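Each chain, written out:
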Amino acid sequence: MKISLPQNSKMLRKEFLYGVATASFQIEGGIDSRLPCIWDTFCAKEGTVADKSDGSVACDHYNLWQQDIELIESLGVDAYRLSISWPRVMNQDGSANQTGLDFYINLLDGLNAKGIKPFVTLYHWDLPQHLEDNGGWLNRETAYKFAEYTELVTKALGRRVHSYATFNEPFCSAYLGYEAGIHAPGLVGKEFGRKAAHHILLAHGLAMDVLNKYSPDSMNGIVLNFTPAYPATNSTEDLAATKFADDYNNQWYIKPLFDGCYPDTINLLDEAHKPDIIDGDMDIICKKIDFLGINFYTREVFKADDVEPFVVVPPEHVPLTDMGWEIYPQAFTELLTTLDDLYDLPPVYITENGCAMPDTIKDDVVDDQNRIAYYQQHLNALNDAIEQGVDVKGYFAWSLMDNFEWALGYSKRFGIVYVDYETQQRTVKASGKAYRELLAKRT
Ligand code: BGC
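Residues numbered from 1 in each chain as written. Predicted model: local features only at pLDDT ≥ 70, side-chain atom pairs only at ≥ 80, totals over all residues. Heavy atoms only, no water.

- The protein goes by Beta-glucosidase in an unreviewed UniProt entry, where it is assigned to Thalassotalea fonticola.
- As recorded by UniProt, the Sequence similarities (unreviewed entry) comment attached to the protein reads in full: "Belongs to the glycosyl hydrolase 1 family." (UniProt positions renumbered as here; feature names shortened; annotations may be inferred.)

Shown next, in the form of C-alpha coordinates:
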(Lines give C-alpha, C1' and ligand atoms only; values in the text may rest on other atoms or scores of the structure.)
Protein backbone atom coordinates (compact mmCIF):
# COMPACT_ATOMS: atom_id res chain seq x y z
CA MET A 1 0.00 0.00 0.00
CA LYS A 2 1.14 3.56 -0.72
CA ILE A 3 0.42 6.76 1.19
CA SER A 4 -1.29 9.34 -0.98
CA LEU A 5 -2.72 12.82 -0.60
CA PRO A 6 -5.06 14.84 -2.83
CA GLN A 7 -3.11 16.23 -5.78
CA ASN A 8 -3.57 19.87 -4.82
CA SER A 9 -2.67 19.27 -1.15
CA LYS A 10 -0.34 21.82 0.45
CA MET A 11 1.29 18.83 2.08
CA LEU A 12 2.59 17.76 -1.31
CA ARG A 13 4.58 20.93 -1.74
CA LYS A 14 8.30 21.07 -1.01
CA GLU A 15 7.71 23.84 1.58
CA PHE A 16 5.79 21.42 3.79
CA LEU A 17 8.41 19.91 6.05
CA TYR A 18 8.56 16.20 6.87
CA GLY A 19 10.69 14.57 9.50
CA VAL A 20 11.18 11.70 11.89
CA ALA A 21 11.48 12.00 15.66
CA THR A 22 13.24 10.31 18.57
CA ALA A 23 14.23 11.13 22.16
CA SER A 24 17.53 10.75 23.97
CA PHE A 25 16.63 8.23 26.67
CA GLN A 26 14.63 6.11 24.25
CA ILE A 27 17.46 5.51 21.78
CA GLU A 28 20.88 6.54 23.05
CA GLY A 29 22.12 4.04 25.61
CA GLY A 30 25.70 5.07 26.45
CA ILE A 31 24.82 5.63 30.09
CA ASP A 32 28.37 5.33 31.43
CA SER A 33 29.36 8.67 30.00
CA ARG A 34 26.55 10.64 31.60
CA LEU A 35 25.03 11.30 35.01
CA PRO A 36 22.11 9.13 36.13
CA CYS A 37 18.63 10.42 35.31
CA ILE A 38 15.23 9.77 36.85
CA TRP A 39 14.44 7.12 34.26
CA ASP A 40 17.54 5.08 35.23
CA THR A 41 16.34 5.10 38.83
CA PHE A 42 12.73 4.38 37.89
CA CYS A 43 13.65 1.42 35.66
CA ALA A 44 15.71 -0.10 38.47
CA LYS A 45 12.63 -0.26 40.73
CA GLU A 46 10.54 -3.41 40.90
CA GLY A 47 7.30 -3.36 38.90
CA THR A 48 7.83 -0.13 36.96
CA VAL A 49 8.70 -1.24 33.42
CA ALA A 50 6.65 -4.03 31.81
CA ASP A 51 9.56 -6.08 30.47
CA LYS A 52 11.94 -5.07 33.31
CA SER A 53 14.20 -3.39 30.77
CA ASP A 54 16.03 -0.07 30.95
CA GLY A 55 17.79 2.48 28.78
CA SER A 56 21.36 1.28 29.27
CA VAL A 57 21.75 0.18 25.64
CA ALA A 58 18.43 1.01 23.94
CA CYS A 59 19.21 1.44 20.21
CA ASP A 60 22.88 2.09 21.00
CA HIS A 61 22.51 5.33 19.09
CA TYR A 62 25.32 6.79 21.22
CA ASN A 63 27.69 4.56 19.27
CA LEU A 64 25.75 4.10 16.04
CA TRP A 65 24.82 7.74 15.38
CA GLN A 66 26.77 7.97 12.15
CA GLN A 67 24.94 5.08 10.55
CA ASP A 68 21.69 6.45 11.98
CA ILE A 69 22.24 9.76 10.16
CA GLU A 70 22.59 7.77 6.96
CA LEU A 71 19.40 5.93 7.79
CA ILE A 72 17.59 9.23 8.34
CA GLU A 73 18.96 10.55 5.06
CA SER A 74 17.83 7.41 3.24
CA LEU A 75 14.23 8.19 4.24
CA GLY A 76 14.35 11.44 2.30
CA VAL A 77 13.18 13.58 5.22
CA ASP A 78 13.83 17.31 5.61
CA ALA A 79 14.23 17.30 9.37
CA TYR A 80 15.17 15.17 12.35
CA ARG A 81 13.71 15.81 15.79
CA LEU A 82 15.96 14.67 18.61
CA SER A 83 16.31 15.52 22.27
CA ILE A 84 19.31 16.43 24.36
CA SER A 85 20.03 14.50 27.50
CA TRP A 86 20.51 17.07 30.26
CA PRO A 87 22.56 14.62 32.41
CA ARG A 88 24.87 14.02 29.44
CA VAL A 89 25.86 17.63 28.86
CA MET A 90 25.88 19.21 32.32
CA ASN A 91 27.83 18.13 35.37
CA GLN A 92 26.32 18.27 38.83
CA ASP A 93 28.18 21.51 39.61
CA GLY A 94 26.65 23.15 36.54
CA SER A 95 29.80 22.97 34.42
CA ALA A 96 29.76 21.57 30.90
CA ASN A 97 30.43 17.92 30.16
CA GLN A 98 32.40 18.48 26.98
CA THR A 99 32.31 14.83 25.92
CA GLY A 100 28.54 14.92 26.05
CA LEU A 101 28.33 18.21 24.20
CA ASP A 102 30.70 16.89 21.55
CA PHE A 103 28.35 13.98 20.94
CA TYR A 104 25.56 16.39 20.00
CA ILE A 105 27.88 18.76 18.14
CA ASN A 106 29.03 15.91 15.92
CA LEU A 107 25.49 14.68 15.45
CA LEU A 108 24.21 18.13 14.49
CA ASP A 109 27.16 18.76 12.18
CA GLY A 110 26.46 15.42 10.52
CA LEU A 111 22.80 16.29 10.00
CA ASN A 112 23.51 19.80 8.74
CA ALA A 113 26.13 18.47 6.33
CA LYS A 114 23.37 16.42 4.73
CA GLY A 115 20.90 19.29 4.71
CA ILE A 116 18.70 17.69 7.40
CA LYS A 117 17.30 20.34 9.71
CA PRO A 118 17.82 19.58 13.41
CA PHE A 119 14.75 20.12 15.62
CA VAL A 120 16.12 19.91 19.15
CA THR A 121 14.03 19.28 22.25
CA LEU A 122 15.76 20.33 25.45
CA TYR A 123 13.74 18.14 27.79
CA HIS A 124 12.22 14.82 26.86
CA TRP A 125 11.81 13.52 30.41
CA ASP A 126 15.37 12.62 31.48
CA LEU A 127 15.81 14.89 34.49
CA PRO A 128 19.21 14.49 36.19
CA GLN A 129 18.68 12.34 39.27
CA HIS A 130 20.55 14.76 41.54
CA LEU A 131 17.89 17.39 40.79
CA GLU A 132 15.13 14.91 41.60
CA ASP A 133 16.92 14.20 44.88
CA ASN A 134 16.39 17.88 45.56
CA GLY A 135 12.66 17.75 44.84
CA GLY A 136 12.68 17.56 41.04
CA TRP A 137 9.83 19.44 39.39
CA LEU A 138 8.15 19.95 42.76
CA ASN A 139 11.01 22.29 43.59
CA ARG A 140 10.70 25.71 41.98
CA GLU A 141 14.52 25.90 41.89
CA THR A 142 14.52 23.25 39.13
CA ALA A 143 12.94 25.78 36.75
CA TYR A 144 15.95 28.07 37.23
CA LYS A 145 18.33 25.13 36.83
CA PHE A 146 16.61 24.41 33.52
CA ALA A 147 17.28 27.97 32.36
CA GLU A 148 20.98 27.50 33.23
CA TYR A 149 21.06 24.24 31.30
CA THR A 150 19.41 25.96 28.33
CA GLU A 151 22.07 28.65 28.40
CA LEU A 152 24.85 26.08 28.47
CA VAL A 153 23.36 24.19 25.52
CA THR A 154 22.59 27.19 23.34
CA LYS A 155 26.06 28.66 23.85
CA ALA A 156 27.73 25.35 23.04
CA LEU A 157 25.63 24.44 20.00
CA GLY A 158 25.71 27.87 18.42
CA ARG A 159 23.97 28.08 15.07
CA ARG A 160 23.69 24.36 14.48
CA VAL A 161 20.06 24.07 15.59
CA HIS A 162 17.15 24.89 13.30
CA SER A 163 14.52 24.75 16.02
CA TYR A 164 14.48 24.44 19.81
CA ALA A 165 11.57 23.11 21.82
CA THR A 166 11.92 23.71 25.54
CA PHE A 167 9.81 20.74 26.65
CA ASN A 168 8.24 17.66 25.22
CA GLU A 169 4.76 17.06 26.63
CA PRO A 170 4.65 18.73 30.06
CA PHE A 171 1.46 16.69 30.67
CA CYS A 172 3.43 13.46 30.67
CA SER A 173 6.22 14.70 32.92
CA ALA A 174 3.83 16.32 35.39
CA TYR A 175 0.80 14.05 35.39
CA LEU A 176 2.25 10.65 34.52
CA GLY A 177 5.43 11.28 36.53
CA TYR A 178 4.19 13.12 39.62
CA GLU A 179 0.47 12.33 39.90
CA ALA A 180 -0.32 8.96 38.34
CA GLY A 181 3.13 7.54 39.09
CA ILE A 182 3.40 5.44 35.94
CA HIS A 183 6.40 7.40 34.66
CA ALA A 184 9.56 8.52 36.43
CA PRO A 185 9.96 9.63 39.15
CA GLY A 186 6.85 7.61 40.02
CA LEU A 187 5.18 9.88 42.56
CA VAL A 188 1.48 9.38 43.20
CA GLY A 189 -0.88 12.06 44.46
CA LYS A 190 -3.07 14.90 43.33
CA GLU A 191 -1.06 17.21 45.55
CA PHE A 192 1.92 16.85 43.18
CA GLY A 193 0.75 16.92 39.56
CA ARG A 194 -0.31 20.57 39.19
CA LYS A 195 2.67 21.82 41.19
CA ALA A 196 5.09 19.96 38.93
CA ALA A 197 3.24 21.24 35.86
CA HIS A 198 3.50 24.83 37.04
CA HIS A 199 7.24 24.60 37.59
CA ILE A 200 7.71 23.01 34.17
CA LEU A 201 5.72 25.78 32.50
CA LEU A 202 7.72 28.34 34.47
CA ALA A 203 10.92 26.66 33.29
CA HIS A 204 9.61 26.90 29.74
CA GLY A 205 9.07 30.65 30.07
CA LEU A 206 12.46 31.25 31.65
CA ALA A 207 14.12 29.17 28.94
CA MET A 208 12.34 31.09 26.17
CA ASP A 209 14.17 34.22 27.32
CA VAL A 210 17.46 32.36 27.24
CA LEU A 211 16.75 30.95 23.79
CA ASN A 212 15.79 34.32 22.40
CA LYS A 213 18.97 35.81 23.84
CA TYR A 214 21.48 33.16 22.81
CA SER A 215 19.76 31.56 19.84
CA PRO A 216 17.55 34.28 18.35
CA ASP A 217 17.74 32.91 14.83
CA SER A 218 16.37 29.44 15.60
CA MET A 219 12.65 28.77 15.71
CA ASN A 220 11.90 28.48 19.42
CA GLY A 221 8.82 27.00 21.04
CA ILE A 222 7.39 24.04 22.94
CA VAL A 223 5.83 20.65 22.20
CA LEU A 224 2.49 19.73 23.79
CA ASN A 225 0.54 16.50 23.52
CA PHE A 226 -3.22 16.40 23.20
CA THR A 227 -5.63 13.56 23.73
CA PRO A 228 -8.95 15.12 22.75
CA ALA A 229 -11.77 14.37 25.18
CA TYR A 230 -15.14 13.13 23.93
CA PRO A 231 -18.27 12.50 26.03
CA ALA A 232 -19.70 8.99 26.39
CA THR A 233 -23.22 10.43 26.08
CA ASN A 234 -24.72 13.87 25.69
CA SER A 235 -26.00 13.92 29.27
CA THR A 236 -25.23 17.10 31.19
CA GLU A 237 -23.12 15.08 33.65
CA ASP A 238 -21.01 13.41 30.97
CA LEU A 239 -20.52 16.69 29.14
CA ALA A 240 -19.36 18.38 32.34
CA ALA A 241 -17.02 15.49 33.15
CA THR A 242 -15.56 15.69 29.64
CA LYS A 243 -14.99 19.42 29.94
CA PHE A 244 -13.20 18.84 33.24
CA ALA A 245 -11.03 16.12 31.67
CA ASP A 246 -10.19 18.31 28.69
CA ASP A 247 -9.20 21.20 30.95
CA TYR A 248 -7.22 18.94 33.27
CA ASN A 249 -5.33 16.98 30.60
CA ASN A 250 -5.12 19.31 27.61
CA GLN A 251 -6.02 22.97 28.11
CA TRP A 252 -4.05 23.06 31.37
CA TYR A 253 -0.81 23.14 29.41
CA ILE A 254 -1.75 25.40 26.50
CA LYS A 255 -3.98 28.05 28.04
CA PRO A 256 -1.21 29.48 30.27
CA LEU A 257 1.02 29.83 27.19
CA PHE A 258 -1.45 31.91 25.20
CA ASP A 259 -3.89 33.36 27.73
CA GLY A 260 -1.59 33.67 30.73
CA CYS A 261 -3.92 31.76 33.06
CA TYR A 262 -5.04 28.23 33.91
CA PRO A 263 -8.50 27.02 32.88
CA ASP A 264 -11.30 28.00 35.29
CA THR A 265 -11.42 24.38 36.36
CA ILE A 266 -8.58 25.35 38.69
CA ASN A 267 -11.27 26.79 40.99
CA LEU A 268 -12.81 23.33 41.35
CA LEU A 269 -9.61 21.80 42.72
CA ASP A 270 -8.90 21.28 46.40
CA GLU A 271 -6.64 24.01 47.77
CA ALA A 272 -3.96 21.43 48.50
CA HIS A 273 -3.93 20.32 44.87
CA LYS A 274 -3.45 23.75 43.34
CA PRO A 275 -0.07 24.92 42.03
CA ASP A 276 2.03 27.42 43.95
CA ILE A 277 1.74 30.48 41.72
CA ILE A 278 3.87 33.49 42.58
CA ASP A 279 3.09 36.98 41.27
CA GLY A 280 4.59 37.42 37.83
CA ASP A 281 4.76 33.69 37.06
CA MET A 282 2.00 33.76 34.47
CA ASP A 283 3.73 36.60 32.59
CA ILE A 284 6.90 34.54 32.45
CA ILE A 285 4.98 31.53 31.13
CA CYS A 286 2.97 33.49 28.58
CA LYS A 287 5.89 34.33 26.30
CA LYS A 288 5.61 34.65 22.56
CA ILE A 289 6.69 31.42 20.90
CA ASP A 290 7.76 31.02 17.29
CA PHE A 291 5.99 27.70 16.83
CA LEU A 292 3.80 25.23 18.66
CA GLY A 293 4.62 21.54 18.39
CA ILE A 294 1.59 19.26 18.65
CA ASN A 295 1.77 15.53 19.33
CA PHE A 296 -1.32 13.49 18.54
CA TYR A 297 -1.96 9.77 18.90
CA THR A 298 -5.54 9.06 19.98
CA ARG A 299 -8.66 10.37 21.72
CA GLU A 300 -10.34 9.40 24.99
CA VAL A 301 -13.99 9.05 25.94
CA PHE A 302 -15.15 10.22 29.37
CA LYS A 303 -18.15 9.85 31.62
CA ALA A 304 -19.24 11.30 34.94
CA ASP A 305 -18.49 9.51 38.18
CA ASP A 306 -19.65 9.71 41.80
CA VAL A 307 -16.17 9.94 43.25
CA GLU A 308 -13.81 11.36 40.62
CA PRO A 309 -14.49 14.43 38.46
CA PHE A 310 -14.30 12.20 35.37
CA VAL A 311 -13.48 8.62 34.39
CA VAL A 312 -12.23 7.16 31.13
CA VAL A 313 -14.48 4.77 29.23
CA PRO A 314 -12.14 2.11 27.81
CA PRO A 315 -12.46 1.72 24.03
CA GLU A 316 -14.51 -1.29 22.94
CA HIS A 317 -15.37 -2.63 19.49
CA VAL A 318 -13.26 0.05 17.80
CA PRO A 319 -9.94 -0.23 15.93
CA LEU A 320 -6.96 -0.13 18.30
CA THR A 321 -3.19 0.15 18.02
CA ASP A 322 -0.88 -2.21 19.89
CA MET A 323 -0.97 0.28 22.79
CA GLY A 324 -4.72 -0.33 23.08
CA TRP A 325 -5.28 3.25 21.88
CA GLU A 326 -8.30 3.92 19.68
CA ILE A 327 -7.58 4.80 16.06
CA TYR A 328 -9.76 7.86 15.55
CA PRO A 329 -8.19 10.23 13.01
CA GLN A 330 -11.19 12.55 12.97
CA ALA A 331 -10.11 13.75 16.42
CA PHE A 332 -6.86 14.97 14.86
CA THR A 333 -8.70 17.33 12.49
CA GLU A 334 -11.09 18.44 15.23
CA LEU A 335 -8.25 19.05 17.67
CA LEU A 336 -6.41 21.32 15.26
CA THR A 337 -9.43 23.35 14.19
CA THR A 338 -10.58 23.70 17.80
CA LEU A 339 -7.19 24.91 19.04
CA ASP A 340 -7.06 27.32 16.13
CA ASP A 341 -10.42 28.73 17.21
CA LEU A 342 -9.51 28.94 20.88
CA TYR A 343 -6.01 30.43 20.67
CA ASP A 344 -3.95 32.82 18.63
CA LEU A 345 -1.64 30.07 17.42
CA PRO A 346 1.78 30.60 15.89
CA PRO A 347 2.73 28.24 13.03
CA VAL A 348 2.12 24.65 14.08
CA TYR A 349 4.33 21.60 13.55
CA ILE A 350 3.02 18.13 14.19
CA THR A 351 6.03 16.98 16.17
CA GLU A 352 4.78 13.42 16.78
CA ASN A 353 2.20 11.12 15.26
CA GLY A 354 2.36 7.39 14.73
CA CYS A 355 1.40 4.07 16.24
CA ALA A 356 2.69 0.91 17.85
CA MET A 357 1.79 -2.21 15.89
CA PRO A 358 2.62 -5.86 16.59
CA ASP A 359 5.35 -6.06 13.93
CA THR A 360 7.02 -9.24 12.79
CA ILE A 361 10.15 -9.50 10.70
CA LYS A 362 10.60 -12.25 8.12
CA ASP A 363 13.42 -12.44 5.56
CA ASP A 364 14.36 -8.85 6.39
CA VAL A 365 10.86 -7.62 5.61
CA VAL A 366 8.41 -5.92 8.00
CA ASP A 367 5.15 -5.63 6.12
CA ASP A 368 3.34 -3.22 8.46
CA GLN A 369 0.33 -2.40 6.30
CA ASN A 370 -1.62 -1.52 9.48
CA ARG A 371 0.87 1.25 10.27
CA ILE A 372 0.72 2.55 6.69
CA ALA A 373 -3.07 2.71 7.06
CA TYR A 374 -2.68 4.70 10.30
CA TYR A 375 -0.35 7.18 8.62
CA GLN A 376 -2.63 7.45 5.60
CA GLN A 377 -5.66 8.22 7.77
CA HIS A 378 -3.83 10.72 9.94
CA LEU A 379 -2.15 12.55 7.07
CA ASN A 380 -5.58 12.87 5.45
CA ALA A 381 -6.99 14.20 8.72
CA LEU A 382 -4.15 16.71 8.90
CA ASN A 383 -4.76 17.74 5.31
CA ASP A 384 -8.41 18.38 6.21
CA ALA A 385 -7.35 20.67 9.07
CA ILE A 386 -4.99 22.58 6.78
CA GLU A 387 -7.78 22.97 4.23
CA GLN A 388 -9.92 24.40 7.00
CA GLY A 389 -7.30 27.07 7.57
CA VAL A 390 -4.99 25.75 10.30
CA ASP A 391 -1.42 26.91 9.66
CA VAL A 392 0.50 23.63 9.90
CA LYS A 393 3.99 23.77 8.46
CA GLY A 394 5.35 20.29 9.03
CA TYR A 395 4.90 16.74 10.26
CA PHE A 396 7.17 14.30 12.11
CA ALA A 397 6.55 10.58 12.23
CA TRP A 398 7.02 8.99 15.65
CA SER A 399 9.31 7.32 15.50
CA LEU A 400 12.38 7.00 13.32
CA MET A 401 12.98 3.57 14.81
CA ASP A 402 11.63 1.18 17.43
CA ASN A 403 12.90 2.20 20.85
CA PHE A 404 12.40 2.17 24.61
CA GLU A 405 8.70 2.84 25.05
CA TRP A 406 8.92 4.08 28.65
CA ALA A 407 6.88 1.99 31.11
CA LEU A 408 6.31 -0.58 28.35
CA GLY A 409 10.00 -1.07 27.67
CA TYR A 410 10.88 -2.67 24.35
CA SER A 411 7.56 -4.49 24.08
CA LYS A 412 5.93 -1.83 21.86
CA ARG A 413 7.28 -0.84 18.46
CA PHE A 414 6.57 2.65 17.11
CA GLY A 415 9.30 2.84 14.47
CA ILE A 416 9.06 3.14 10.72
CA VAL A 417 12.38 1.32 10.99
CA TYR A 418 12.57 -2.03 12.80
CA VAL A 419 15.30 -2.56 15.39
CA ASP A 420 16.64 -6.00 16.27
CA TYR A 421 17.80 -5.33 19.82
CA GLU A 422 20.17 -8.33 19.82
CA THR A 423 22.15 -7.26 16.78
CA GLN A 424 21.17 -3.56 16.56
CA GLN A 425 20.31 -4.24 12.93
CA ARG A 426 17.94 -1.59 11.52
CA THR A 427 15.46 -2.60 8.80
CA VAL A 428 13.24 -0.04 7.07
CA LYS A 429 9.64 -1.23 7.41
CA ALA A 430 7.06 -1.05 4.61
CA SER A 431 5.75 2.10 6.36
CA GLY A 432 9.20 3.69 6.15
CA LYS A 433 9.31 2.95 2.44
CA ALA A 434 5.79 4.33 1.94
CA TYR A 435 6.75 7.49 3.86
CA ARG A 436 9.85 7.90 1.69
CA GLU A 437 7.78 7.51 -1.49
CA LEU A 438 5.26 10.09 -0.35
CA LEU A 439 8.00 12.60 0.41
CA ALA A 440 9.67 12.00 -2.94
CA LYS A 441 6.43 12.92 -4.72
CA ARG A 442 6.50 16.52 -3.49
CA THR A 443 6.90 19.29 -6.02
C1 BGC B 1 6.25 10.66 23.71
C2 BGC B 1 7.18 9.60 23.16
C3 BGC B 1 6.49 8.26 23.23
C4 BGC B 1 5.24 8.31 22.37
C5 BGC B 1 4.45 7.02 22.32
C6 BGC B 1 4.82 10.51 23.32
O7 BGC B 1 4.05 10.70 24.45
O8 BGC B 1 6.75 11.94 23.43
O9 BGC B 1 8.36 9.63 23.89
O10 BGC B 1 7.31 7.22 22.83
O11 BGC B 1 4.38 9.30 22.86
O12 BGC B 1 3.94 6.67 23.55
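So, the sheet that holds strand β8 (residues 300–303)
Then, number 1: Spatial ordering of the open sheet is given by β6-β8-β9, a layout of three strands whose pairing is mixed. Every other strand in the sheet has two partners, leaving β6 (229–231) and β9 (311–313) as the edge strands with one partner each. The sheet shows a mean angle of 50° between the axes of neighbouring strands, taken without regard to direction.
Then, number 2: Of the strand pairs in this sheet, β8 and β9 are connected by three bridges, and their pairing is antiparallel. Along β9, the bridge assignment pairs Val301 with Val313. (Pairing = 2+ DSSP bridges. Helix = DSSP H or I, 4+ residues; strand = E, 2+ residues; numbered from the N terminus. Axes fitted to C-alpha atoms, helices over the stretch in contact; angles between N-to-C directions.)

Remarks on the site of the ligand
Then, number 1: Taken together, the neighbourhood of the ligand is formed by Gln26, His124, Trp125, Asn168, Glu169, Tyr297, Trp325, Glu352, Trp398, Glu405, Trp406 and Phe414.
Then, number 2: Residue Glu169 places a side-chain N or O atom 2.5 Å away from an oxygen atom belonging to the ligand.
Then, number 3: Protein coverage of the free-state accessible area of the ligand, which is 310 Å², stands at 94%.
Then, number 4: Partitioned by chemical class, the residues of the shell around the ligand number six nonpolar, three polar and three charged. (Near = heavy atom within 4 Å. Polar contact = N/O pair within 3.5 Å; in protein donor to acceptor, adjacent residues only side chain to side chain. Areas by Shrake-Rupley, 256 points an atom, 1.4 Å probe, with all protein chains shown as cover. Nonpolar A, V, L, I, M, F, W, Y, C, P; charged D, E, K, R; others polar.)

Structural notes on the pairing of strand β4 (residues 163–168)
Then, number 1: Of all the six residues making up β4, six are buried; the element is thus mostly covered by neighbouring parts of the structure.
Then, number 2: Here four bridges tie strand β3 (residues 117–123) to β4, and the two strands are oriented parallel to one another. The residue bridging Val120 from the neighbouring strand is Tyr164, located in β4.
Then, number 3: In this sheet, strand β5 (residues 219–226) lies alongside β4 in parallel orientation, the contact comprising four bridges. For Ala165, the partnering residue across the bridge sits in β5 and is Gly221. (Buried < 20%, exposed > 50% of the residue type's maximum accessible area, 1.4 Å probe, protein only.)

Regarding the environment of Gly205
Then, number 1: By the secondary structure assignment, Gly205 is in helix α9 (residues 190–214).
Then, number 2: The class for Gly205 is buried, based on a relative accessible area of 0%.
Then, number 3: Remark: the alpha-carbon pair of Gly205 and Lys288, spanning 83 residues in sequence, is separated by 9.2 Å.
Then, number 4: Leaving out residues up to four positions away in the same chain, Gly205 has contacts with Ile284, Ile285 and Lys287. (Contact = heavy atoms within 4.5 Å.)

Some points on helix α5 (residues 98–113)
Then, number 1: For α5, built from 16 residues, the straight-helix expectation of 22 Å at 1.5 Å per residue is met to within 8% by its first-to-last C-alpha distance of 22 Å.
Then, number 2: Taken residue by residue, α5 has Gly100, Leu101, Phe103, Tyr104, Ile105, Leu107, Leu108, Gly110 and Leu111 as its buried positions.
Then, number 3: At the N-terminal boundary of α5, the capping side chain belongs to Asn97, with an oxygen 3.1 Å from the backbone nitrogen of Thr99.
Then, number 4: Just downstream of α5 lies Gly115, where phi reads positive at about 75°. (Expected span 1.5 Å × (residues − 1).)

Quick notes on the sheet that holds strand β10 (residues 348–352)
Pairing between sheet strands relies on hydrogen bonds along the backbone, with the strands arranged either parallel or antiparallel.
Then, number 1: Pairing is parallel in the closed barrel, where eight strands are placed in the order β1-β2-β3-β4-β5-β7-β10-β11. Ignoring which end each strand starts from, the neighbouring axes of this sheet average 25° apart.
Then, number 2: Strand direction decides the pairing type here: strand β1 (residues 17–21) and strand β2 (residues 79–83), joined by three bridges, are parallel. Looking at β2, one finds that Gly19 is bridged to Ala79.
Then, number 3: Strands β3, β4 and β5 of the sheet are contacted by helix α8 (residues 170–178), whose axis makes an angle of about 45° with β5.

Focus on the side chain of Asp238
Then, number 1: Of note, Asp238 is situated in helix α10 (residues 236–259).
Then, number 2: Notably, Asp238 is buried but unbridged: the nearest opposite-charge side chain belongs to Lys303, and the N-O separation is 7.6 Å.
Then, number 3: Contact partners of Asp238, with chain neighbours within four places excluded, come to Pro231, Ala232, Thr233, Phe302, Lys303 and Ala304. (Lys, Arg positive; Asp, Glu negative; His and termini not counted. Salt bridge = Lys/Arg side-chain N within 4 Å of Asp/Glu carboxyl O.)

Brief notes about the packing of aromatic side chains
The relative placement of two aromatic rings is captured by the distance of their centres and the angle of their planes.
Then, number 1: Tallying each qualifying case throughout the model produces 45 aromatic pairs.
Then, number 2: On the numbers, 6.1 Å between centres and 75° between planes, the contact of Phe404 with Trp406 is edge-to-face. Side by side, Phe404 and Trp406 carry an identical accessibility label, which is buried.
Then, number 3: Among the aromatic residues, those joined into a ring-pair cluster are Phe25, Trp39, Phe42, Trp125, Phe404, Trp406, Tyr410 and Tyr421.
Then, number 4: Directly above the ring of Tyr230 sits Arg299, whose terminal nitrogen or CZ lies 4.9 Å from the centroid.
Then, number 5: The aromatic ring of Tyr328 is capped on one face by Arg299, whose charged end is 3.7 Å from the ring centroid. (Phe/Tyr/Trp six-rings, centres within 6.5 Å; stacked < 30°, edge-to-face > 60°. Lys NZ or Arg CZ within 6 Å of the ring centre and 35° of its normal.)

Some thoughts on the nonpolar core
Then, number 1: In terms of nonpolar packing, the biggest core is built from 133 residues, with Tyr18, Val20, Trp39, Trp137, Phe146, Leu382 and Tyr395 touching the most fellow members.
Then, number 2: When residues of this core are assigned to their parent elements, the largest contribution, 11 residues, is made by α9.
Then, number 3: Of all hydrophobic cores here, the second largest spans 20 residues; its members include Ala23, Ala79, Ala165 and Tyr374. (Core = buried A, V, L, I, M, F, W, Y, C linked by side-chain atoms within 4.5 Å.)

Re helix α14 (residues 430–440)
An α-helix turns once every 3.6 residues. As a result, residues three or four positions apart point the same way.
Then, number 1: Looking at α14, one finds that the buried residues are Ala430, Ser431, Gly432, Ala434, Tyr435, Leu438 and Leu439.
Then, number 2: Here the buried face of α14 lies against β1, α13 (369–387), β11 (392–398) and β13 (425–428).

Details of the pattern of salt bridges
Then, number 1: The final tally for this structure, using the stated rule, is 26 salt bridges.
Then, number 2: Between Glu308 and Lys190 there is a salt bridge, with its nearest N and O atoms 2.7 Å apart. Separated by 118 residues along the polypeptide, Glu308 in the loop between β8 and β9 and Lys190 in helix α9 bring together distant segments of the chain.
Then, number 3: Note on Glu308: relative accessible area 33%, which makes it partly exposed.

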